[in-house]
Amino acid sequence: MLDWKTGHPAVSPADPLQLAVYRVAWAERAGVPLERVSAAFLYVRTGDLVRPPDLPDRAALERLLA
């Protein structure tokens, strides 16, 4: 899945937690295992594709938000 960004990665980097939430939601909605869903930010202005490493799963997100 891609999260399209209009800013510049050096000036306004996107939050990997946002991407993690989208990834978990998409996997659950689509009924596919989370490990089969890759996720990245695509910065439209620069064409940069950023794949944050080690995105948290649902349990890790729940711990962070508790």
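Before reading further, recall that the structure is shown in the block above.
What you see is a predicted model, and the numbers here were worked out from it, not measured in a lab. (Residues numbered from 1 in each chain as written. Predicted model: local features only at pLDDT ≥ 70, side-chain atom pairs only at ≥ 80, totals over all residues. Heavy atoms only, no water.)

(A) Examining the overall build of the protein more closely. The helix and strand inventory of the protein stands at two helices and three strands. N-terminal to C-terminal, the α/β element order of the protein is β-α-β-β-α. Along the first, second and third principal axes, the C-alpha set of the protein runs to 30 × 25 × 15 Å. Out of the 66 residues in the protein, the part that is buried amounts to 32%. Taking the intrachain contacts of the protein between residues at least 6 apart in sequence as the baseline, contacts between residues at least 24 apart amount to 58%. In the form shown here, the protein has an accessible surface area of approximately 4,700 Å², with 56% of it arising from carbon and sulfur atoms. Distance between charge centroids for the protein: 5 Å, based on 8 positive and 8 negative side chains. (Helix = DSSP H or I, 4+ residues; strand = E, 2+ residues; numbered from the N terminus. Buried < 20%, exposed > 50% of the residue type's maximum accessible area, 1.4 Å probe, protein only. Contact = heavy atoms within 4.5 Å. Areas by Shrake-Rupley, 256 points an atom, 1.4 Å probe, with all protein chains shown as cover. Lys, Arg positive; Asp, Glu negative; His and termini not counted. Charge placed at Lys NZ, Arg CZ, Asp CG, Glu CD.)

(B) Highlighting the pairing of strand β1 (residues 2–5). Residues Asp 3 and Lys 5 line the buried face of β1, whereas the alternating positions Leu 2 and Trp 4 sit on a face that is not buried. Judged from the four bridges that link them, β1 and strand β2 (residues 40–43) form a sheet pairing that is parallel. Note on β2: the bridge partner recorded for Trp 4 is Leu 42. (Pairing = 2+ DSSP bridges.)

(C) Quick peek at a nonpolar patch on the surface. Residues Leu 2, Trp 4, Val 44 and Leu 49 make up a contiguous nonpolar surface patch of roughly 410 Å² in combined accessible area. Along the polypeptide, Leu 49 turns up in strand β3 (residues 49–50). (Patch = residues over 30% accessible without salt bridge, like charges linked within 9 Å, V, L, I, M, F, W, Y side chains within 5 Å. Salt bridge = Lys/Arg side-chain N within 4 Å of Asp/Glu carboxyl O.)

(D) Representation of the nonpolar core. Ala 14, Leu 19, Ala 20, Val 24, Ala 27, Leu 34, Val 37, Ala 39, Phe 41, Tyr 43, Leu 55 and Leu 61 together form the largest nonpolar core, which totals 12 residues. Those elements that provide at least two residues to this core are α1 (16–30) and β2. The element best represented in this core is α1, accounting for four residues. Sequence-distant contacts of Val 24, that is, excluding residues within four places in its chain, are made with Leu 34, Pro 56, Asp 57, Arg 58 and Leu 61. (Core = buried A, V, L, I, M, F, W, Y, C linked by side-chain atoms within 4.5 Å.)

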